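Breakdown of the fold
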Amino acid sequence: VGTAPVAAESPSVMFIMDVSGSMRAKMGKKTRMSVAKQAYNDLMDGIPTDAHVGLFVYGHHGDRDCQAMETRVPLKQLDVTAMKAGVAGLSASKGATPLTGALMLSVQAVGNYKRPGGKAIVLISDGKENCGGDPVKFVAEMTAALKGSIKVYVVGLGVNDKERAQLAAIATAGGGEYYAANDAKQLAEGLAKI
């Protein structure tokens, strides 16, 4: 008697949402923040229920506060209500962009999460590091140390060439992909591809 094939484990994914001041900029008729939240919420409705996900945010309080980083939803089996509630009250004002710190804390959370299957970080950002860190160097060292066991994907929202270069380099260093999003449709497509 043959045994049924074992289904591959769904991935464990930590989403990082940029809530820095620049997310107030317009993307069409809406702010980047509202476009990002809508695409993220739509994505949550389509994720397989056995996926394990969490939400990390940065830049969500303070005036250029580089310590403004927080786990809004710890990694666990998908809870759509909790994941949506995690972004519900977020609004961009004057926050900083501590990319390296946010990636570091997210890598720790994903790396310490004891569950088989792939592990990934999905960064949704519109800017480059402005807290003195070097996110590309950090991700390259992390990828080497962990032998590529955590992939890093990046979706860049309406970024300029310099910002795009850094965000794309983070994805390359993390063994993932970079997706450019200049409107809501592209953002949704980028997230769906990941």
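Quick note: structure is the one above.
In this report, we go over the structure that sits alongside the text. Values in this document were obtained by computation on a predicted structure and should not be read as measured data.

Below, the discussion takes up the packing of helix H1 (residues 32–46) against helix H6 (residues 184–193). Remark: H1 packs on H6, axes separated minimally by 9 Å, with the N-to-C direction vectors making an angle of 40 degrees. Between H1 and H6, the angle falls in the class oblique. Crossing geometry of H1 relative to H6 is assigned as right-handed. Counting all contacts with H1, which are made through Val35, Ala36, Ala39, Tyr40 and Leu43, the residues of H6 involved are Ala184, Leu187, Ala188, Leu191 and Ala192.

Glancing now at the pairing of strand E4 (residues 52–58). In terms of burial, E4 is largely enclosed, as seven of its seven residues are buried. Neither face of E4 is left uncovered, since the one carrying His52, Gly54, Phe56 and Tyr58 and the one carrying Val53, Leu55 and Val57 both have all their residues buried. Inspection of the sheet shows strand E1 (residues 12–18) paired to E4 by seven bridges, in the parallel sense. Each residue of the ladder has a partner; that of Ser12, found in E4, is His52. Where E4 meets strand E5 (residues 69–77), six bridges bridge the pair, whose relative direction is antiparallel. Considered in E5, the bridge of His52 is made with Gln77.

Spatially, the six strands line up as an open sheet ordered E5-E4-E1-E6-E7-E8, and their pairing is mixed. The open sheet terminates on both sides in strands that have one partner only, identified here as E5 and strand E8 (175–181). With direction set aside, neighbouring strand axes in the sheet form an average angle of 15 degrees. Those strands touched by helix H3 (residues 99–111) are E1, E4, E5, strand E6 (119–125) and strand E7 (150–157), and its axis lies near 155 degrees from that of E6. Contacts from H6 reach E6, E7 and E8 within the one sheet, and its direction differs from that of E8 by about 165 degrees.

Quick look at the state of the cysteines now. Summed over the entire model, instances satisfying the criterion amount to one disulfide. One disulfide bridge connects Cys66 with Cys131, the sulfur atoms lying 2.0 Å from each other. As the torsion about the S-S bond is roughly -90 degrees, the Cys66-Cys131 disulfide counts as left-handed. Taken together, the residues span a long stretch of sequence, with Cys66 in the loop between E4 and E5 and Cys131 in the loop between E6 and helix H4 (135–145) at a distance of 65 residues. Among the residues examined, Cys131 registers a relative accessible area of 25% and is labelled partly exposed.

Reading the values: rules and limits
Residues numbered from 1 in each chain as written. Predicted model: local features only at pLDDT ≥ 70, side-chain atom pairs only at ≥ 80, totals over all residues. Heavy atoms only, no water. Axes fitted to C-alpha atoms, helices over the stretch in contact; angles between N-to-C directions. Helix = DSSP H or I, 4+ residues; strand = E, 2+ residues; numbered from the N terminus. Parallel < 35°, antiparallel > 145°, perpendicular 65-115°, else oblique. Left-handed = near helix turned anticlockwise from the far one by under 90°. Contact = heavy atoms within 4.5 Å. Buried < 20%, exposed > 50% of the residue type's maximum accessible area, 1.4 Å probe, protein only. Pairing = 2+ DSSP bridges. Disulfide = S-S within 2.5 Å.

As far as function goes, none of this settles anything; it's purely spatial.
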